[in-house]
Amino acid sequence: MVDHPPATLATPQPATSPGATVTLATWNVNSIRARLDSVVRWLQSNPVDLLCLQETKVTDEQFPLEPWENLGYQIYCYGQKSYNGVALVSRSPLTDVSYGFGGVLDPAIVGDLDQQKRLITAQLQGIRVVNVYVPNGSSPDSEKYTYKMSWLATLKTYLETLQQRGEEIHICGDFNVALDDRDIYNPQGKQNHIMATPEERQALQEVLALGLADAFRKFTPDGGHFSWWDYRAGSFARNRGWRIDHHYLSQGLYDRALACKIDAEPRSWPQPSDHTPVVLTLGC
DNA sequence: ATGGCACATCGAATGTGA
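Reading the values: the criteria
- Note on numbering: residues in each chain are counted from 1, in written sequence order.
- Note on labels: chains are lettered from A, ligands numbered from 1, in written order.
- Local features in this predicted model are restricted to residues of pLDDT 70 or higher, and side-chain atom pairs are both shown and tallied only at a pLDDT of 80 or more, whereas totals for entire chains, interfaces and linings draw on every residue.
- Note that the side-chain values use all heavy atoms of the structure and ignore hydrogens as well as water.
- Only when DSSP finds a minimum of two bridges between them are two strands counted as paired.
- By the criteria applied, helices consist of DSSP H or I runs no shorter than four residues and strands consist of E runs no shorter than two, each listed in order from the N terminus.
- Inter-axis angles, ranging from 0 to 180 degrees, are taken between N-to-C directions of lines fitted to C-alpha atoms, where helices are fitted over the stretch in contact.
- Using protein atoms alone on a 1 Å grid, points that fit a 1.4 Å probe yet trap it form a cavity, whereas open point sets bounded by protein on both sides within 12 Å along at least five of seven lines form a pocket; residues with an atom within 4 Å of a point count as lining.
- Grid points are joined across faces, edges and corners, and a volume is the space filled by probe spheres set on the points.
- By the convention adopted, Pro, Cys, Tyr, Trp, Phe, Met, Ile, Leu, Val and Ala count as nonpolar, Lys, Arg, Asp and Glu as charged, and the other residues, Gly among them, as polar.
- Residue proximity to a molecule or strand is established when one non-hydrogen atom of the residue lies within 4 Å of it.
- What qualifies as a polar contact is a pair of N or O atoms within 3.5 Å, subject to a donor-acceptor requirement within protein and to the restriction that residues adjacent in sequence count only when both atoms come from side chains.
- Orientation is classified from the angle alone, with under 35 degrees giving roughly parallel, over 145 giving roughly antiparallel, 65 to 115 giving roughly perpendicular, and any other angle giving oblique.
- Any pair of residues with heavy atoms lying within 4.5 Å of one another is described as a contacting pair.
- Salt bridge, as applied in this entry: a Lys or Arg side-chain nitrogen positioned within 4 Å of an Asp or Glu carboxyl oxygen.
- A 1.4 Å probe rolled over the protein chains alone gives each residue an accessible area, and that area as a share of the maximum for its type sets the label: buried under 20%, exposed over 50%, partly exposed in between.

**Some words on the sheet that holds strand 3 (residues 74-78)**
Then step 1. As summarised here, the arrangement of the 6 strands in space is 3-4-2-1-14-13, forming an open sheet in which the pairing is mixed. A single partner strand is all that each edge strand has here, and the edge strands are strand 3 and strand 13 (257-262). The average angle at which neighbouring strand axes cross in this sheet is 15 degrees, direction not considered.
Then step 2. Direction of pairing for strand 3 relative to strand 4 (residues 86-90): antiparallel, over a ladder of 5 bridges. Residue pairing across strands places Q74 opposite S90, the latter belonging to strand 4.

**Remarks on the layout of surface pockets**
Then step 1. Of the pockets and cavities examined, the largest pocket occupies roughly 830 Å³.
Then step 2. What lines the largest pocket is a set of 35 residues, among which Y133, N136, G137, S138 and N176 lie closest to the centre.
Then step 3. With 3 residues, the single largest contributor to the lining of the largest pocket is helix 4 (residues 143-163).
Then step 4. Along the lines of polarity and charge, the residues of the lining of the largest pocket split into 11 nonpolar, 12 polar and 12 charged.

**Section: the protein's contact with DNA strand B**
Then step 1. Around DNA strand B sit 22 residues in total, of which S31, R35, S82, N136 and R232 are the nearest.
Then step 2. The separation between a sugar or linking oxygen of DNA strand B and a polar side-chain atom of K144 is 3.3 Å.
Then step 3. Note that a base nitrogen of DNA strand B is positioned 2.8 Å from one of the side-chain N or O atoms of R232.
Then step 4. For the surface near DNA strand B, a count of residues per class yields 7 nonpolar, 7 polar and 8 charged.

**Re the packing of helix 4 against helix 5 (residues 198-208)**
Then step 1. Across the interface, helix 4 lies against helix 5 with an axial gap of 9 Å and an inter-helix angle of 10 degrees. Put simply, helix 4 runs roughly parallel to helix 5. Of the residues in helix 5, those touching helix 4 at Y145, K148, M149, L152, L155, K156 and L159 are E199, E200, A203, E206 and V207.
Then step 2. In terms of residue class, the contact of helix 4 with helix 5 is built from 7 nonpolar, no polar and 5 charged.

**Brief notes about the pattern of salt bridges**
Between side chains of opposite charge, a pair can form as their charged atoms come close.
Then step 1. By the definition in use, this model includes 9 salt bridges.
Then step 2. Across the salt bridge formed by E200 and K148, the nearest N and O atoms sit 2.5 Å from each other. Taken as a pair, E200 in helix 5 and K148 in helix 4 lie far apart in primary sequence, 52 residues in all.
Then step 3. A salt bridge links R243 to D183, with the shortest nitrogen-to-oxygen separation between them at 2.8 Å. Note that R243 is positioned in the loop between strand 11 (241-242) and strand 12 (245-250) and D183 in the loop between strand 8 (168-174) and helix 5, a separation of 60 residues in sequence. For the pair formed by R243 and D183, the shared burial category is buried.

Structure, rendered in structure tokens:
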């Protein structure tokens with residue numbers, strides 16, 4: 001990961017919009033239909049500009065639309081039956097929306113990686129927002145793990161292509177990788193555990209080597225902060241979690257980051273997702 | 001070390017997740 005140094009001088013605010021911010025959140029909801037009431041409730045008290053959803057588990061035709069219109073949001077979705085699926089929930093119209101790797105990359109490079117709907121991107125206020133649901137990988141000796149590694153390698157090529165257009169990049173989502181040991185409640189002996197192998201971490205680091213840095217770590221260097229807790233064994237009550245949902249920023253956006261916070265509250269609600277939202281605030 | 005819980009597809013039991 002590129003470790004963008006903190007700006008040593010305060011960045012002047014544009015005279016036209018003093019103090020203005022843009023807020024972007026990521027949340028793996030583990031089925032948008034099962035979580036609809038919770039997401040609406042959260043948006044009512046957290047009216048972010050853009051909410052990036054993962055694991056919507058629904059086709060675009062069956063994606064529930066009515067609640068968002070009432071809230072003043074619009075939906076851009078890219079889903080499939082039963083598994084995977086991503087969506088952008090936005091207060092303002094998005095531009096240059098594109099679906100899957102194939103929206104940017106040559107089909108020969110994409111291969112079969114778009115059969116699972118895991119990536120959607122758009123422009124918001126000059127920011128290239130990329131919303132991803134990285135494959136879980138199951139276990140290091142499985143075919144799904146090989147798929148995960150291919151997916152991450154292709155993600156690097158994808159972001160490189162966007163960078164060559166001169167775009168400032170914000171990529172967020174469920175990465176299914178704990179970047180270092182601070183991101184796991186008990187990291188010892190996890191080198192063969194999915195989401196924590198050196199190979200997975202290296203693959204993500206190679207993506208970040210394009211010039212992306214972890215927005216959360218700009219503000220919070222210590223461990224013990226998690227975005228996912230297993231449903232089983234009372235993991236949330238015991239705070240036995242992992243930080244696998246991330247916001248990564250190119251240099252120009254990293255300098256503008258004002259806050260990046262995990263909101264653990266929805267994890268305590270009835271019938272929760274096993275993930276909770278992570279909210280990024282950028283100065284304008 | 002293992003299992004544990006939740007969701008979708010279905011109309012029971014299984015695949016998947018992390």
